[in-house]
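Architecture and fold: a report
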Amino acid sequence: MISKEFPLTPTGCRLVQENLDTADFNVVQQIAILSHCQKCSACQTHSQQLTNLRTLLMAQARIQVPNDFDIKLRQKIAASKTLKPISFWQQLAFQPAFGATLAATAIVGIFVGAYYYQQPQTTVANNLGAEINTTPKVSQPYSVTSKQIVVVPENPSSQPKEILQTQPRVRAGADYVASNQTRPIKQPKITSQSSRPITLDEIDVEIQYGNASRTLPLSAVTYGSRPVLKVDNVSTGENRSAGISPEAKIF
Amino acid sequence: MSSLSYSAELELANGISSATDHELVMAVAQGDETAFQEIVHRYRNQIINFIYRMLNDYDRATDLSQETFLRIYTSASRYQATYSFSTYIYRIAANLAISELRQRKRRRWVSFLLPFRNHDDDGDQEMEFPDQAPLPDELMIDTERRKAVSAAIQSLPEKYRLTLVLRDVEGLSYEEIIEITSLSEGTVKSRINRGRNLLRDKLQKYI
């Protein structure tokens, strides 16, 4: 039974060495360990070294309590009674990670703010038949060139089906310049002032639903968060986005 | 207190000294300063030595021992006698010591001046003990051994150091260590064993 518990194998030796100190919990185990150690010189040496080590550690001189220990303790107790408890926010402010988190948040905030600043949002309309609030007119002119394109989301399958059926059409002045997804804008035919740069508000979007349709300035077509329609000026990097609110449910 | 006769004071003192830890904490919770004094008297040596072995810094060990007693004092009303008071006080001291070790680790990481520090001024120096050995040779060997043991303990990873100091320096039982550290029996055994093996390798010369 004894040899079964702690055989003369590396595993048996490991178990003996781990349990040398705790053998007094169990008399049977203690006998088994003693029996193993009598046969195993490595465990015998380990046992002896453990005893010596413990003797060495126990023999470490104890330090003395300073004479003013009690007096200083009393002072600390008295001070603690007069101190106000530190609030959670005060504790938080002194955490080393707090400053770093604050700085990281500020940096992220600046980037996000800058991103949205470049894309003025239009207000969301409940539906296209209702009155639509528009953002203040953008005075920045957008010259429509052959480089400009109308972009409908690259992955149309991620959009609601209803929006795919809208077939937005874009026109400058009176002429349609694009009427389908991801199709480049053609050079607009502006008969009256063919060479002048046109503003964004001169680009209209026509939304067809059934037999009816509605035409709105691009800047007035509202959208919740993701643009359906985007006008990019590749040469300058300027862009404006507009789209149809999924919440409108006009189809 | 001053109105009591000498015999009454003696009786009160005897009563306090024979009270159990649990009774004393209950008395402290009710504002009994004498009971608190008795607790400090009973445990200050053990706690300061335990923290000193963890930190190897006498001044900080003194501070943290006082902090331990301060916490006992302020939270006496919340003490629950689910386990022994000695376990409770060691647990507070262990948490403070570990917290200090972690703070030191962080401070060491950010300290640019560390390479230029004068190690003679280092607070982590081993304490000098009063001469007790009769012969200079013995004294020298004893001092050297003491420093070696202390340095070996300090070199242990924090998790092994805690369990090993509690077991082999403070002489606590495994059950007490399990309660103080909230670890399983297997983990405690394993950590003590690994700590000892590391120490044995470092102190081969002395054992």
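Here the residue numbers are simple positions, counted from 1 along each chain's written sequence. Each chain is given a letter, starting from A, and each ligand a number, starting from 1, according to the order in which they appear as written. The predicted nature of this model means local features are confined to residues of pLDDT at least 70 and side-chain atom pairs, given and counted, to a pLDDT of 80 or more, with totals for whole chains, interfaces and linings taken over all residues. The basis for the side-chain values is all heavy atoms of the structure; hydrogens and waters are excluded.

Turning our attention to the overall build of chain B. Assigned secondary structure in chain B consists of 9 helices and 0 strands. Secondary structure elements are taken from DSSP: a helix is a run of H or I of four residues or more, a strand is a run of E of two residues or more, and numbering for both begins at the N terminus. From first element to last, N terminus to C terminus, chain B shows the α and β order α-α-α-α-α-α-α-α-α. The buried label applies to any residue whose accessible area, calculated with a 1.4 Å probe on protein chains only, is under 20% of its type's maximum; exposed applies above 50%, and partly exposed to all values in between. Here chain B holds 207 residues, and the buried ones make up 43% of them. Long-range contacts, defined as pairs at least 24 residues apart, comprise 61% of the intrachain contacts of chain B with a sequence gap of at least 6. If you sum the accessible surface of chain B, you get close to 11,200 Å²; carbon and sulfur atoms cover 51% of it. Contacts: residue pairs with any heavy atoms within 4.5 Å of one another. Surface accessibility in these figures is a Shrake-Rupley result with a 1.4 Å probe; residues are shielded only by whichever protein chains are displayed.

Size of an interface, as often reported, equals the accessible area lost when the parts are brought together. Between chain A and chain B, the residue contacts involve 32 residues of the former and 46 residues of the latter. Throughout, buried area stands for the accessible area (probe radius 1.4 Å) lost by two parts on being put together, summed over both. Buried surface at the junction of chain A and chain B, both sides included, amounts to about 3,700 Å², of which 59% is carbon and sulfur. One side-chain nitrogen of Lys or Arg within 4 Å of one carboxyl oxygen of Asp or Glu is enough to make a salt bridge. Linking chain A to chain B there are 5 salt bridges. In protein, a polar contact means a hydrogen-donor-capable atom and an acceptor-capable atom, both N or O and within 3.5 Å, with residues adjacent in sequence counting only if both atoms are side-chain atoms; elsewhere, any N or O pair within 3.5 Å suffices. Inspection of the chain A/chain B interface yields 14 residue pairs in polar contact (both at pLDDT 80 or more). When residues of the side of chain A that touches chain B are traced back to their parent elements, those giving at least two are α2 (10-19), α4 (41-58) and α5 (69-82) of chain A. Ten residue types, Ala, Val, Leu, Ile, Met, Phe, Trp, Tyr, Cys and Pro, are classed as nonpolar, four, Asp, Glu, Lys and Arg, as charged, and the remainder, Gly among them, as polar. Looking at side-chain class alone, the side of chain A that touches chain B contains 13 nonpolar, 9 polar and 10 charged residues.

It is worth spelling out the confidence of the model for chain B at this point. Where the model shows low pLDDT, its predicted coordinates should not be examined in detail. The quantity called pLDDT is the predictor's confidence in a given residue, expressed from 0 to 100. Of all residues in chain B, 79% attain a pLDDT of 70 or more, and the chain-wide mean is 82. Of the regions scoring below 50 in pLDDT, residues 116-125 of chain B engages in 10 contacts with residues more than four places distant in sequence or in other chains.

Now for the pattern of salt bridges. Applying the stated criterion to the full structure yields 17 salt bridges over all chains. The partner of Asp168(B) in a salt bridge is Arg54(A), with the nearest N and O atoms 2.9 Å apart. Note that Asp168(B) is positioned in helix α7 (residues 158-169) and Arg54(A) in helix α4, a pairing that runs across two chains. A salt bridge links Lys72(A) to Asp68(A); the shortest N-O distance between them is 3.4 Å.

Residues and elements named next belong to chain B. For every element, the axis is a line fit to its C-alpha atoms; helices are fit only across the contacting stretch, and the angle between N-to-C directions ranges from 0 to 180 degrees. One way to put it is that helix α3 (residues 33-55) packs onto α7 with a least axis distance of 10 Å and a crossing angle of 135°. On the basis of their axis angle, the class for α3 and α7 is oblique. By crossing handedness, the relation of α3 to α7 is classed as right-handed. In this structure, α3 contributes Phe 50, Arg 53 and Met 54 to the contact, and α7 contributes Arg 161, Leu 162, Val 165, Leu 166 and Val 169. For the contact of α3 with α7, the per-class residue count stands at 6 nonpolar, no polar and 2 charged. Angles below 35 degrees are treated as roughly parallel, those above 145 as roughly antiparallel, those between 65 and 115 as roughly perpendicular, and all remaining angles as oblique. By definition, turning the near helix anticlockwise from the far helix through less than a right angle yields a left-handed crossing, and turning it clockwise yields a right-handed one.

Here we come to the nonpolar core. By nonpolar core is meant a set of buried Ala, Val, Leu, Ile, Met, Phe, Trp, Tyr and Cys residues that side-chain atoms within 4.5 Å join together. By size, the foremost hydrophobic cluster in this structure holds 63 residues, and its most contacted members are Phe50(B), Met54(B), Phe69(B), Phe85(B) and Leu199(B). The element best represented in this core is α3(B), accounting for 12 residues. Beyond its immediate stretch of four places on either side in the chain, Phe50(B) contacts Tyr90(B), Ala93(B), Ala94(B), Leu162(B), Val165(B), Leu166(B) and Glu170(B). Ranked by size, the runner-up nonpolar core spans 10 residues in total, among them Phe6(A), Val16(A), Cys37(A) and Cys40(A).

This brings us to the confidence of the model for chain A. All names here are of chain A. Per-residue confidence for chain A averages 61 on the pLDDT scale, and 41% of its residues sit at or above 70. The model gives residues 222-228 a pLDDT under 50, and that stretch makes 32 contacts with residues more than four places away or in other chains. For residues 243-251, every residue scores under 50 in pLDDT, and the model assigns this stretch 32 contacts once sequence neighbours within four places are set aside.

Time to look at unusual backbone geometry. Residue and element names in this part refer to chain B. In this structure, Asn 56 takes a positive phi of about 60° despite not being glycine. Mapped onto the elements of the fold, Asn 56 is located in the loop between α3 and α4 (58-74). A positive phi angle, near 60°, is found at Ser 182, a position not held by glycine. Note that Ser 182 resides in the loop between α8 (174-181) and α9 (185-202). Under the relative-accessibility criterion, Ser 182 is labelled partly exposed at 47%.

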